[in-house]
Amino acid sequence: MIQKRIAQWAVMAVAVPLAAAGARRLSHTLESRRGPSGVSRMLTRGADVLRPRKAARRRRFW
C-alpha cells in the first residue's frame, strides 16, 4: 500500500514536470527552426496543461 503511494508521488513529483519541460523545450526548438506551427502550439498547450503555474510565470516575466 505505501509502496504504491510512493510510486504515485514519484511520478507526480518527477516524471510529470520533466515531461512538461521536455514538451516546452521541443516546442521552442521547433519554433526557432521552422517558425510557429500547429505542432509547436500543441506542445506548448500540453505543457501548460501539465504545469500551468510555470507557464503563467514564464509569460509574466519573459
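Conventions adopted
- Chains are numbered independently. Their residues run from 1 in the order of the written sequence.
- Local features in this predicted model are restricted to residues of pLDDT 70 or higher, and side-chain atom pairs are both shown and tallied only at a pLDDT of 80 or more, whereas totals for entire chains, interfaces and linings draw on every residue.
- Computation of side-chain values covers all heavy atoms of the structure but excludes hydrogens and water.
- Helix and strand labels come from DSSP, where a helix needs a run of H or I of at least four residues and a strand needs a run of E of at least two; each type is numbered from the N terminus.
- To estimate how far a helix should extend, the number of its residues minus one is multiplied by 1.5 Å.
- Bend, in this description, refers to the angle at a residue between axes fitted to the seven residues ending there and the seven starting there.
- Buried, partly exposed and exposed residues are distinguished by accessible area as a fraction of the type maximum, computed with a 1.4 Å probe on protein chains only: under 20%, between the cut-offs, and over 50%, respectively.
- Structural elements are reduced to axes, namely lines fitted to C-alpha atoms, with helices fitted over the stretch in contact, and the angle between N-to-C directions of any two is expressed from 0 to 180 degrees.
- Should an angle fall under 35 degrees it is called roughly parallel, over 145 degrees roughly antiparallel, and 65 to 115 degrees roughly perpendicular, with every other angle called oblique.
- Each crossing gets its handedness from the near helix: less than a right angle anticlockwise from the far helix is left-handed, clockwise is right-handed.
- Residue contacts follow a heavy-atom distance rule, with two residues in contact if any of their heavy atoms lie within 4.5 Å.
- Put simply, Ala, Val, Leu, Ile, Met, Phe, Trp, Tyr, Cys and Pro go in the nonpolar bin, Asp, Glu, Lys and Arg in the charged bin, and everything else, Gly too, in the polar bin.
- Directions pointing from the helix axis toward each C-beta atom define the arc.
- Per-residue confidence from the predictor is reported as pLDDT, a score between 0 and 100.

Caption draft 1: Molecular detail of helix H1 (residues 2-34). Under the 1.5 Å per step criterion, the end-to-end length of H1 is 47 Å for 33 residues, consistent within 8% with the ideal 48 Å. Taken as a whole, H1 carries its principal kink of about 30° at valine 11. Along H1, the residues that are buried comprise Pro17, Ala20, Ala23, Arg24 and Ser27.

Caption draft 2: Focus on the packing of H1 against helix H2 (residues 38-50). It is at 8 Å that the axes of H1 and H2 come closest, and there the two elements cross at 155°. When the axis of H1 is compared with that of H2, the two are roughly antiparallel. As H1 runs across H2, the sense of the crossing is left-handed. Each of Val16, Ala19, Ala20, Ala23, Arg24, Leu26, Ser27, Leu30 and Glu31 in H1 lies in contact with H2, whose residues at this interface are Val39, Ser40, Leu43, Thr44, Ala47, Asp48 and Leu50. Looking at the contact of H1 with H2 residue by residue, the class counts come to ten nonpolar, three polar and three charged.

Caption draft 3: Expanded view of H2. The terminal C-alpha atoms of H2, which comprises 13 residues, lie 18 Å apart, in line with the 18 Å expected from a rise of 1.5 Å per residue. All of the buried residues in H2 are Ser40, Leu43 and Ala47. Seen along its axis, H2 keeps its buried residues to an arc of 60°; they face one direction. Every exposed residue of H2 that faces more than 90 degrees away from the buried side is listed here: Met42, Arg45 and Val49. Close packing links the buried residues of H2 with H1.

Caption draft 4: Up close: the environment of leucine 43. Mapped onto the fold, leucine 43 is located in helix H2. Contacts of leucine 43, omitting those with residues within four sequence positions, involve Ala23, Leu26, Ser27 and Leu30.

Caption draft 5: Spatial organisation of the confidence of the model for the protein chain. Averaged over all residues, the pLDDT of the protein chain equals 84, while 84% of them reach at least 70. The least confident element of the protein chain is helix H3 (residues 52-61), whose mean pLDDT is 58; the most confident is H1, at 91.

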